[in-house]
Structures are given as structure tokens and as C-alpha cells.
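Listed below are the residues making up each chain.
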Amino acid sequence: MAAQPKAIPAEYPSYLKGDPISWLNTIDHKRVGVLYGVSALFFMMLGGIEALLIRIQLFEPNNTFLSAHVYNQVFTMHGTTMIFLVVMPLLLGFAANFLVPLQIGARDVAFPRLNALSFWIFLSGAVFLHMGWFWHHGGLPDAGWFGYANLTERQYTPGMAIDFWDIGLLILGVSTVMTGLNFFTTIVTMRAPGMTYMRMPMFVWSILVTSILILLAFPPLTVGLIFLFMDRFFGTHYYQAVAGATPILWQHLFWLFGHPEVYIMALPAFGMISEIIPTFSRKPLFGYPMMAYSLILIAFLSYGVWGHHMFATGMGPVADATFAITSMLIAIPTGIKIFSWIATVWGGSLKMTTAFYFALGFIVEFTIGGLSGIMHAAVPIDLQQTDSYFVVAHFHYVLFGGVMFAILGAFYYWWPKVTGRMLSEKLGKVQFWLTVIGFNGTFFPMHFLGTWGMPRRIYTYGSGMGWTFWNQFETVSAFILGFAFLLMFINMLRSLRDGEIAPADPWDARTLEWSIPSPPPAFNFVTVPSVSGRDAFWARKYGTGSHGAAAVASAGDPPNGEAEAIHMPEPSFFPIVLAAGLLLCGLGVVVAWWRLIMAGGVILFLSIIGMAFQYPTFGQHTHETEAASGGGGEDLRKVGLWAFIGSESVFFATLIATFMVYKSRSMGGPGADVLEIPLTSFSTFILLMSSLLMVLALAATQRGDKTWQRVWLAGTVLFGLIFLGDQAYEFTSLYHHGLGFTTDLFSQCFFTLVGFHGFHVFIGVVWLSVLLVVSFMDRLPKSRALSVELAGLYWHFVDIVWVVIFTLVYLMQKVKGA
Amino acid sequence: MNHEAERYERFFLIISGVFLVGFLLVLAYTSVHMRVMLPGRVGTIEANPGESLAAAVFRTPPFNHLGVTKVGPDEYQAVYFAQAWAFFPREIDLPVGARVKFIATSVDVTHGFFIAGTRVNMMLLPGQISEETYTFRKPGKYLLLCHEYCGLLHHTMHAWVIVK
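Predicted, not measured: the structure shown is a model, and the values here were computed from it.

About the criteria used
- Residues numbered from 1 in each chain as written.
- Chains lettered and ligands numbered in written order.
- Predicted model: local features only at pLDDT ≥ 70, side-chain atom pairs only at ≥ 80, totals over all residues.
- Heavy atoms only, no water.
- Helix = DSSP H or I, 4+ residues; strand = E, 2+ residues; numbered from the N terminus.
- Rg over C-alpha atoms; globule rule 2.2 N^0.38 Å.
- Buried < 20%, exposed > 50% of the residue type's maximum accessible area, 1.4 Å probe, protein only.
- Contact = heavy atoms within 4.5 Å.
- pLDDT = per-residue confidence, 0-100.
- Domains from an automatic or database assignment.
- Buried area = accessible area lost by both parts, 1.4 Å probe.
- Salt bridge = Lys/Arg side-chain N within 4 Å of Asp/Glu carboxyl O.
- Phe/Tyr/Trp six-rings, centres within 6.5 Å; stacked < 30°, edge-to-face > 60°.
- Pairing = 2+ DSSP bridges.
- Polar contact = N/O pair within 3.5 Å; in protein donor to acceptor, adjacent residues only side chain to side chain.
- Nonpolar A, V, L, I, M, F, W, Y, C, P; charged D, E, K, R; others polar.
- Core = buried A, V, L, I, M, F, W, Y, C linked by side-chain atoms within 4.5 Å.

### Focus on the overall build of chain B
Each helix and strand counted, chain B has 2 helices and 11 strands in total. Tracing chain B from N to C terminus, the helices and strands come up as α-β-α-β-β-β-β-β-β-β-β-β-β. Relative to the globule expectation of 15 Å for 164 residues, the C-alpha radius of gyration of chain B, 21 Å, shows a markedly less compact shape. Along the first, second and third principal axes, the C-alpha set of chain B runs to 75 × 40 × 30 Å. Counting over 164 residues, chain B shows a buried share of 46%. A fraction of 57% describes how many contacts in chain B between residues 6 or more apart in sequence connect residues 24 or more apart.

Below is the structure:
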């Protein structure tokens, strides 16, 4: 083994050390990662058992092992669990959380408390999805993982199960968007000195692109779920044909999220494979720039392919042809990646470890899934496969053969770094071969069954269909697959009990996480490493070509004793309390018990306040800004806010698009005729002027002029309040003119869109009021101008959205009506 | 090594080119010779305020006249509606060689309309009329399945097309 970096003295304890309570208030990214990992493993067992139940039920024709009612719940929860509670938390919550800061040479993520909050909210969302179990009339959700409208309407699926599903997914969405925002900001601002974008490890690249995907893809799902919520609770008709609406809106919104979601799961897997293969081929990654660009290209194209899920709905030849072409195009960057991995392996001196086995298995199985994906892009072929078992085969090859193989490879690769113990390679290879046999045996025959007409999501089938043999074959294989996972759990437990102690760099690897002890200390790096090329740790060990090894090697050596000066953020109990409040609140909504909503709301509110004032140095981010020195020089709060605004833009764009589509289909109500242009023109003027006052407030802050800072801030708040007052008046008068929330399609879209904007204005007013209070406390000096700037950015964004709404919703409707 | 790489590159380029041309030929063959057509949205069901969707469907032509109608020599029209968890009509008879235009809609939730062994596969959305044409060249008992999960007894939702 090559030269180890100088060992860090033993007095720095591993991040795992600490009493059990310290896991509840931890904000250490590695611990949050482990929390995610443990929960996801639990849900993996649950989802796996559900999968086996499905296979037992389909073992023979006319089987009654489960009732149809239970079977429908099981397959719905199998899909929902595996995607939202297993794959995403394992990739983003666990792997990205644990590895990204280590790989970019940072001490934590950009917003550590937000990170802990993401986890606890994730957990409460996951619990929420399963709440139906505890009610007599509840039961688990049973509308399929993509919950096609209008089956999910209360009229067709009464009971609480879909409510739990809807709100549970909303909660999970909040958690995921916060995670995406956090990683985006972390990677943009906190890279070690010298680590340019083109020097980042490929896994970091994949997480960067995935974060952008999350920020821009989740809002359509959120909007779709909010519409469903309104339909179920407030009696709107977003997905009901009777009101002129169409259930196909759900399909568009869902797949506009759903297809990028496929890549949210696939890209981190690509990143993991791009780390494992070079390490065990002992060669740098082939075609690094192309690997990075193809990630971006895949992300870009993934927004234009959602229609290939909907060829059977009759979108028309033009839309079908467009989506067919984009779906074929997306195979090109994916092909680049596959060839680059093969080229990396080619000519390398291979070390055949379990992790490498899984990486090679990934290439083969994922390619099979990719090829059946291209088949779906061809519309005539797709029309025979839609909703058949062939589709089930396809996406399991992508998600299991692709993503799960990558996760298993990564599991064997990074386990020593996480736990400080080695896994048994022998057991690992047995697991690999059983997985390959079980996986292909389970899913390959589904191609045949699908081609012969077997639909997905059927409770049972007749004995005359000729489907029996392969179904039995699949069930047996599924149990082999289950056994392979059992071996993994045994391997884990054995390793934790008496596994071999792992060295810092057991694989002779290439990236920075291997330069620190296994398991790492809480602060990761004694000194933040400086980077002068790709594969930073490899270069430190062996030098990079012409450069001497010695010159680079000294750069990262820690001067002893400096760890005392490392300032890590304090732990916080607020994230777990806040998530509990959210859980109570949601529960109260579903069971319609307002006391519970109130209790949850109070907890939620108090913990937000507590969180805001937890750090006495309001607005100062000492540790974070120090650590951020390596990135692009942008302040991380600003980057975070921009990421948030990007996500919000998609949210409003989706609401506006829905309004534009639905307004003309509306029937019955008074429509746009009752809108009052003079009043809203005045509101618009006020809001635009408030933006001007905001600029003045910022300028005054930057000058250090306290008096005018207060005046302009107060002015902005006042104008915001006038706008809100106008809106309240407008809504009341519209109501008196017969335009209620549920009157018709126009009114429900109008009130939803304008109402959500009003809510954003309200949040802005609260934010500015807090700043005003802080200003009167004399704690908003020149040096904290950024706090004002951030509030200003948000405020301007809300104003710009209003200008768009005013034009599209008010002016254009009036012009058309005239 | 460089030379070798170039040779492989050329090899893969040629292979990809062959595949591309092959795909396009298959596409042309299916659309021109086999006359594969896409399911299309041919109309909507407009429910009056207060009216149920089912009522609106049954007063909208052609759903006021369900089942098979002969519209020309070897030309037929088959009008269906789907309701959880059955198709109506439950069984139709057609002669071999019949060119049938299937017109269907749903009166409640989203259903599928898939005739196993053929390329007829449409989604039936409430409020939307879907249409697809197919020629039955071989006699047999064709299974018409609901292909879109539609609730508790989804797996029992089927009908028959008998071609004699």
C-alpha cells in the first residue's frame, strides 16, 4: 500500500462516539447520513417484504394468499417505499450527505441544521405514509405509486389512506427540496481551495446535477399534490371531468416530476460507479469532461421526455413524435457514460473486489434496462407495452439492475469509511452472484409475460393464460434475491461485531475521503486540504505525472493541535421538534381534529422561532464562511436563496400554466368579468414601489445609515401590508359577486394562484418585520448588509411574480373579455 | 494502441449507423405497411353544471348507441364505455377481416383499453373520447383488458372480442 498520509493523533474521537441522546440533536453531516442510512435500511426490509408478498400472491393462478384489498395496498406501498423511502434516502440522504463534504474537503454541509431538519422531516413523512395502519378504517394507500387521478378523488377512494399518501408525499417533498438546496449550495460554495468544477470527483458532479434536478422537478409534484389535497378537502375539481377539468393534468404534473425523478435516482448511481471503477481499475476515469457534460445533458433532456409515459392517452401525433425523439436522444449521453466506464476498465490493472463486481454488474444490467427503455421511445412498440409487465421488467432493470447494483457496490466500497470496519469479501461475492441470479430470474421473464399480455398491478390471473410457469419461476428467483439481501445484513452485523479494523485507505483510492481516518473525526479535516488537480488524494500519494510526489504530499499534512481552533456548529434539538410538530399538524388535518392541528402548529411555530434565534450571533456564520473560502467566493446564504428562488419559480410557473390551461375550460361561473382592474392596478403599483423602497433600505444599510434604514424598511413593510389588505378586500368582494373558491375551474385556479402569491407576500412581510425589529435593536450594522440584501432578493422575486400574474391573470383576461 | 482505438471507434460508428437506419426502416414499415396508428383524442364529453359524468356520456353521440354498427363493407364501429369494473358491451362478434373503429370513454375513473395480441391500447380518460382502428385478420377470442389500475377489482375488468 502506498504512503499513508500522516495519521491524525488518536485524541480526536471518531464521529460515531457519543451518547445516544447526541444522535437526536446532531447536525454533523456524517451522523445525519448514518441516520438516513439506518432508516432507509429499515424501509428497505419493509419494501422487500412487500415485494415478496406480491410475488407469493402471483405464484399461482387465482391465488387468494392476500385479499385484493391488501394486495393493492402492498404494491402501492412497495413502489412508494422503494422510491421515496429507500433509494432516494440512500443515495442523497446517506451517500451524498456522508461523502460530498469529505470529497470536496469541507467540514460540513452549507446548512448543517437544515440538513438535520431534512432528515427528521423525511422520517416524519415516512411515518406519515404508514399512519393508516393505526386506524380501523384507514389502511395503507392503494392507488398505485403514481396515484393516477381521478381514482384518488374522495368520490372514488374514500377513507384516509390517500390523505396520508398525499400529505406524506408533500412532507417528503419538503425534505427532499431542502436536501437539494443544501447540496447545491455546499458544492457551489464550499469546495476546498483549488478544487475547480472540473477537478471535482465525479460523484460530487452527479450530486450537483441531481440537486438542480430536485430543485426544478419537485415543484410540479408539489403542485399536483396540493391540487389533490384541495380536491379531497375543499371540494375543488382539479381532476374531475364534470367541471370541465381533466384527470390528465395529474399525469402531466406527475410525469413532469416523475421522469426527472428517474434521473434523480440514476445520476448519483452513475456518480458512484464513476468512483468505484477507476479505483479498482487503477486508472483515471476515462473521458472526465464528457462524463461531466453528459450528466448535464441528461438532466436537461430529462425535462423533455415525460410524455413517453403517456403515449396511450392520445396526445396526438405531433406530441407523440416530439417525445419519441427526445426519449431517443437521451440515450446518447447515457451511452457516452457506459462506453466511458468500459474504456476506464479497459487496460486497467483490475482488483476484483465485491464493490467492483457490483460495478461491473451494474454496467451489464443497466444497459439491458436502458435498451428496453429505448424500445419505449418508439411509439408503436410502446403502445403494446404500456402498463404491461414489460414495463415492470424495464424499470426494475433500471432501478434495481442499475441503481440498486450501484448502491450495493457503493455499500461495499464505502462501508469501511463509515464504520471503520471491513466487510467480508467472501460473503460479499456470494451475495453478488446470488443477487445476479435472483435479479435476472425475477425480472427477465417479466419481458415475456408482458409481451404475452400480462398487465401490471393485477391481483391474480386465470390458469388458462399460460402465465403460470414464469410467474412461479419469478417467485422462486425473488426469494433467492431476498436471501442475497439477508446475507448482506449478516455481513453487516458480523463486520460491526468483530470485523477487521479498516485502515484509512483500504482500496488505495483516489479521492479525499480516503485521506482521513476511518471512521473520520467529527470535523473531517484537521486542515482543509488544498487541491491542484483531479483525483486529489491519488496525486498526493503518487504525484501527477511531471510533478514530483513530494511537492504535493506536504500540502495536506496537518500541523498538530490546530483542531482546537476548529469551530463546529452546536447541536440542535429544534429540527426533531419541528418535524414532530409537522407530523402532528398533518395528522390533525387528516383526522379532522383541530386541536391536534393547533398543537402541531404551535410546536412548529415555536421551533421555527427557536431555530432562528438559536445562534446568538444573528446573521454571523463564522464557521461556515470560513469553510466556504474554497468555492467561487459567493456567500453561501445568497447561493442558497438563489437556489430556492429557482425552485419557487417552477412552482409558480406550474400554477400559472394550470391556470392558463383551465381558464378556457371553465364553465358556469362569472369568470374573469368580475375582476377589478383599477383596484389591482393600484395594488401592483404599491408592490412595485415597495421594491423601490427595498432598494433604498439596502442602500441605507450599506451606508450604515440607521435612521433611513428603519424608514425604508418600515415603508416596505407598510406597502406590503397595503397590498395584502387590498387582496383581502378583493377576495371578499369577489365572493360577494358570486366567485367563490369552488365555483368553477376559473375561480379555483385563480384563488389558488393569487392566494399562494399572497402567502409569499405575507412571508416577506414577516421577514422584513423581523429585520425591522433587529434594526431597532441596533443589531443591523453595515457589516450585516447581506441580511437585508437576502430579504430584498426574495421581495423582488415575489414582486416579479406578481407582475407576471397581473399581466396574465388580470390584464389579458380583461382584454379578451372586452 | 492509438491505431487500435481508431479502428474500434470506426467499428462502433458503423454499428450505430446500421442500428439507426434499421430503426428508421422499422418505423417506416410499421407506419406505412402495417398502418400502425396512434390512439387519438377525438372529442370530449361536456357535462352541464350539476350533471353527472355518466349522464353526460349517455346523451353524447355515439354513446347513446353502444355496440357494433356496420358502417361500410368490412367497416365497423364499436362503441364502448368503461365503468369500474366492467366494459360495455361485454362481448362483441365480428367477422374475419373486419376493420373496426373502437370508440370508447369512461364514466368514472381512468381505465385502460387493451386488446391482448393486438396493438390496440388506449387510455380511457373520463371526459375524453378515445378512438383507435384495427383490422382483425385472424379468427379467435380476443381478450379486452383494463390496463390501467382502477381500484379494488381492477384485475377482473375484461370483455371479449370474438372474431369468426
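### Re unusual backbone geometry
Geometrically, the link from Pro-61 of chain B to Pro-62 of chain B is a cis peptide bond, its omega value of 0 degrees lying close to zero. Its location among the elements puts Pro-62 of chain B in the loop between helix 2 (53-59) and strand 2 (67-72). In this model, Phe-88 of chain B is joined to Pro-89 of chain B through a cis peptide bond whose omega is 0 degrees. We note that Asp-508 of chain A has phi near 55 degrees; this positive angle belongs to a residue other than glycine. Turning to its location among the elements, Asp-508 of chain A is positioned in the loop between helix 14 (468-498) and helix 15 (536-542). Under the relative-accessibility criterion, Asp-508 of chain A is labelled buried at 5%. The phi torsion at Ala-592 of chain A lies on the positive side, around 55 degrees, for a residue other than glycine. By the secondary structure assignment, Ala-592 of chain A is in the loop between helix 17 (574-591) and helix 18 (594-612). Of the residues examined, Ala-592 of chain A reaches a relative accessible area of 67% and is grouped as exposed.

### Side note on the confidence of the model for chain A
Summing up the model confidence of chain A, the mean pLDDT is 89 and the portion of residues at 70 or higher is 92%. Note on residues 617-631 of chain A: pLDDT is under 50 here. Beyond four places in sequence and across chains, it has 28 contacts.

### Quick look at the domain arrangement of chain A
All names here are of chain A. On domain assignment, one finds that chain A holds domain 1 (33-542) and domain 2 (653-811). Each of domain 1 and domain 2 was reduced to a C-alpha centroid, and the two centroids are 38 Å apart. Domain 1 puts 17 residues into the contact, and the matching count from domain 2 is 13 residues. The junction of domain 1 with domain 2 conceals about 1,300 Å² of combined surface from both sides, 69% of it contributed by carbon and sulfur atoms. Seen at the junction of domain 1 and domain 2, the total is 0 salt bridges. Among the elements of the structure, helix 5 (202-234) and helix 6 (248-281) are those that each provide at least two residues to the side of domain 1 that touches domain 2. Here the side of domain 1 that touches domain 2 takes 6 residues from helix 5, the largest share from any one element.

### What about the environment of Phe-356 of chain A?
Residues and elements named next belong to chain A. Inspection of the secondary structure assignment puts Phe-356 in helix 10 (residues 354-377). Phe-356 sits 280 residues away from Thr-76 along the chain, and the two C-alpha atoms are 33 Å apart. Once you skip the residues sitting within four places of it in the chain, Phe-356 turns out to touch Ile-276, Ile-277, Phe-280, Ser-281, Val-345, Leu-350 and Lys-351.

### Overview of the domain arrangement of chain B
We note that the domain assignment places domain 1 (1-36) and domain 2 (43-163) within chain B. For domain 1 of chain B and domain 2 of chain B, the distance between their C-alpha centroids amounts to 39 Å.

### Details of the packing of aromatic side chains
Residue and element names in this part refer to chain A. Following the criterion strictly, the structure yields 93 aromatic pairs over all chains and no others. Summarising the aromatic geometry, the rings of Tyr-238 and Tyr-662 are spaced 6.5 Å apart at their centres and angled 25 degrees between planes, so their arrangement reads as stacked. Separated by 424 residues along the polypeptide, Tyr-238 in the loop between helix 5 and helix 6 and Tyr-662 in helix 20 (residues 636-663) bring together distant segments of the chain. A relative accessible area of 0% places Tyr-662 in the buried class.

### A short note on the pairing of strand 2 of chain B
Residues and elements named next belong to chain B. Here 5 bridges tie strand 2 to strand 3 (residues 75-83), and the two strands are oriented antiparallel to one another. Its bridge partner lying in strand 3, Val-68 is registered against Ala-78. Remark: 2 residues form the turn of the hairpin made by strand 2 and strand 3, two consecutive strands paired antiparallel; Asp-74 in that turn has positive phi of roughly 60 degrees.

### A short note on the interface of chain A and chain B
The interface of chain A with chain B comprises 42 residues on the first partner and 40 residues on the second. For the interface between chain A and chain B, the tally reads 0 salt bridges. Along the contact surface separating chain A from chain B lie 11 residue pairs in polar contact (both at pLDDT 80 or more). Counting residues per element, the ones that place at least two in the side of chain A that touches chain B are helix 2 (68-103), helix 6, helix 8 (317-329) and helix 11 (379-385) of chain A. Tallied by class, the residues present in the side of chain A that touches chain B amount to 25 nonpolar, 12 polar and 5 charged.

### Here's the deal with the pattern of salt bridges
Residues and elements named next belong to chain A. According to the stated counting rule, one finds 19 salt bridges over all chains in the structure shown. For Arg-232, the salt bridge is made with Asp-163, and the minimal N-O distance between the two is 2.5 Å. Separated by 69 residues along the polypeptide, Arg-232 in helix 5 and Asp-163 in helix 4 (residues 161-189) bring together distant segments of the chain. Assigned by exposure class, Arg-232 and Asp-163 land together as buried. Its salt-bridge partner being Asp-705, residue Arg-703 comes within 3.3 Å of it at the nearest N-O pair.

### A look at the nonpolar core
Ranked by internal contacts, the top residues of the largest apolar core, which has 287 residues, are Trp-341 and Phe-750 of chain A together with Tyr-80, Phe-87, Phe-102, Phe-113 and Phe-136 of chain B. By size, the runner-up hydrophobic cluster in this structure holds 12 residues, among which are Ala-241 of chain A together with Ile-45, Ala-56 and Val-107 of chain B.

### Some words on the environment of Val-528 of chain A
All names here are of chain A. Within the secondary structure, Val-528 is located in the loop between helix 14 and helix 15. The exposure class of Val-528 is partly exposed, given its relative accessible area of 34%. Between the C-alpha atoms of Val-528 and Ala-539, which are 11 residues apart in sequence, the distance is 16 Å. In this structure Val-528 touches Gly-105, Arg-107, Ala-192 and Pro-193, once residues within four positions along its chain are discounted.

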